[in-house]
Amino acid sequence: MPGYTRRQMLAGTGALMGSALLARPARAAEAADLTEWLANTDGADAVVDATGRDDVAVEVGTAGNGGAFAFSPAVVRVSPGATVTWTWTGEGGSHNVVADDGSFESAFATDAGATFSHSPSSPGVIPYACAPHSPMGMRGALVVGDVAVTLPGGAAADDASASESDGGDDAPKPSFDGWLAGTDNYDGVADRRDESEVTVEVGATGNGGAFAFEPAAVHVDPGTVVRWEWVGTAGAYDVVDEGVGYASERVRGTGHEFALAFDGDGLSTYECTTYRDRGMRGVVLVGDGPVDELTPMGVGVAAGTVGLATVGAALGVGLHLRTASQYDPDEES
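Residues numbered from 1 in each chain as written. Predicted model: local features only at pLDDT ≥ 70, side-chain atom pairs only at ≥ 80, totals over all residues. Heavy atoms only, no water.

The next subject is the overall build of the chain. Within the chain, the secondary structure is distributed over one helix and 27 strands. Counting only residues that meet the buried cut, the chain has 53% of its 333 residues in that class. If you take every contact in the chain between residues at least 6 apart in sequence, the share linking residues at least 24 apart comes to 69%. With the model as given, the accessible surface of the chain reaches about 13,500 Å², and the carbon-plus-sulfur share is 48%. (Helix = DSSP H or I, 4+ residues; strand = E, 2+ residues; numbered from the N terminus. Buried < 20%, exposed > 50% of the residue type's maximum accessible area, 1.4 Å probe, protein only. Contact = heavy atoms within 4.5 Å. Areas by Shrake-Rupley, 256 points an atom, 1.4 Å probe, with all protein chains shown as cover.)

Another point: the pairing of strand β22 (residues 256-264). For a regular strand, the rule is simple: side chains alternate between the two faces of the sheet. Counting buried residues along β22, nine of its nine residues qualify, which places the element largely inside the surrounding structure. Summarising the sheet, strand β17 (residues 225-230) and β22 pair through five bridges and their orientation is antiparallel. The partner of Arg-227 across the bridge, within β22, is Ala-259. (Pairing = 2+ DSSP bridges.)

What follows is about the sheet that holds strand β7 (residues 98-99). Spatial strand order, β2-β5-β10-β9-β7: five strands in an open sheet with mixed pairing. At either end of the open sheet lies a strand with only one pairing partner, and these are β2 (48-49) and β7. Looking at chain direction, β7 and strand β9 (residues 124-129) are connected through two bridges and run antiparallel. Each bridged residue has a counterpart across the sheet, and for Val-98 the counterpart in β9 is Ala-129.

Further remarks concern the UniProt feature "binding site: Cu cation" (unreviewed entry) in the chain. When the UniProt feature table is mapped onto this chain, "binding site: Cu cation" (unreviewed entry) is found at His-95, Cys-130, His-133 and Met-138. A maximum C-alpha distance of 9.5 Å places the annotated residues, which cover 44 residues in sequence, within one compact spot. Within the secondary structure, His-133 sits in the loop between β9 and β10 (139-144). We classify His-133 as buried; its relative accessible area is 12%. (UniProt positions renumbered as here; feature names shortened; annotations may be inferred.)

The next subject is unusual backbone geometry. Omega for the bond connecting Ser-72 with Pro-73 falls within 30 degrees of zero, at 0°, which places this linkage in the cis form. Position of Pro-73 among the secondary structure elements: in the loop between β4 (67-72) and β5 (75-78). A cis amide bond links Glu-214 with the next residue in sequence, Pro-215, at an omega value of 0°. Summarising the element assignment, Pro-215 is placed in the loop between β15 (209-214) and β16 (217-220). For Asn-65, which is not glycine, the phi torsion reads 60° and is therefore positive. When you line up the elements, Asn-65 lands in the loop between β3 (55-64) and β4. Although it is not a glycine, Asn-207 adopts a positive phi angle of roughly 60°.

Enumeration according to the criterion identifies eight salt bridges in this entry. Two residues, Arg-276 and Glu-59, come together in a salt bridge whose shortest N-O distance is 2.8 Å. In this pair, Arg-276 is assigned in the loop between β23 (266-271) and β24 (281-286) and Glu-59 in strand β3, connecting sequence segments 217 residues apart. You'll find Arg-276 and Glu-59 in the same group, each marked buried. (Salt bridge = Lys/Arg side-chain N within 4 Å of Asp/Glu carboxyl O.)

Here the focus is the environment of His-118. Here His-118 lies in strand β8 (residues 115-118). In this structure His-118 comes out as buried when scored by relative accessible area, which is 18%. Expressed as a C-alpha distance, the spacing of His-118 and Trp-86, which sit 32 residues apart in the sequence, is 8.7 Å. When neighbours within four sequence positions are excluded, His-118 is seen to be in contact with Ala-82, Thr-83, Val-84, Trp-86, Ser-103 and Phe-104.

Summed over the entire model, instances satisfying the criterion amount to 13 aromatic pairs. Ring geometry for Trp-228 and Phe-258: centres 5.5 Å apart, planes at 40°, overall tilted. In this pair, Trp-228 is assigned in strand β17 and Phe-258 in strand β22, connecting sequence segments 30 residues apart. Its relative accessible area of 0% is what places Trp-228 among the buried residues. (Phe/Tyr/Trp six-rings, centres within 6.5 Å; stacked < 30°, edge-to-face > 60°.)

Here the chain shows a mean pLDDT of 74. Residues at 70 or above account for 71%. Here residues 1-29 scores under 50 on pLDDT; set against residues more than four positions off or in separate chains, the count is 67 contacts. Below a pLDDT of 50 lies the segment residues 291-333, which in the model reaches 140 contacts outside its immediate sequence neighbourhood of four places, other chains included. (pLDDT = per-residue confidence, 0-100.)

Let us now look at the environment of Pro-152. One can find Pro-152 in the loop between β11 (148-150) and β12 (156-157). Distance from Pro-152 to Leu-34, taken between C-alpha atoms, is 7.0 Å for residues 118 residues apart in sequence. Those residues within four positions of Pro-152 in sequence are excluded, and the remaining contacts are Leu-34, Thr-35, Leu-38, Ala-39 and Ala-44.

What follows is the structure, given as structure tokens:
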């Protein structure tokens, strides 16, 4: 935003700095070949770069491989010593996490919220899987440190925490490292740059019912206000990006709104936690993509219209917070 440095913007959102998207590191020349290991694994077309983070999250039992049989992200690069925590979604039955080299193995779990953590200390590549669902493609890999890898397709992979750019009508649709692979209403990135506000419908038609964000992916300029508007009546929806660090309340009923603005260049991959197993996911690509920091500037939930208001000099422009009606955090569809 004019008049404020990047350092000032981040200072205004200090609690979120640890989850900012970071610049990509240099690559080592020699590649580790993961082609065979990930040959039938959905979402294993690129490496998500999480280097520089102390804590890295991977979901267990996300949409993919013919059901809720995927890790998300499937392939992630981490710094040596970082703590990787796998969190169960509760979908797809009983899963575990077991390293192919025997360096770690979790217990089996079925309940949403179960976790398992491991901290790899040395550079290298650790393929892993869910033992019972490995033949279906429920596999993943930790890339630790500056080790290049080769993924299915034969080419050495750059880290692409969704650096894939939107293009013309004939350009292939980026999957954002498989994030939108199971989202059936996704038909490409909507270019909404040069717009000061962008609206995304929540509970639009898609994924077998009123279980979609529309548009599923948008490209906006830094500082643009992204406004999610509840239009569906299938149940209680929310908007959550655990990586960047924002979450709406879970709200049932139409007319509610959740809005925020982003600073910097980067990527937000978000979902509705109630219906993520159906493919209710979305993407906000900001500016030039994940080449610097991306942080929320302000968050609000409202019944009706959300107004803009000044919330402090460090933030510049934020969003006024109002109380949402019809909110029940325990209400499930």
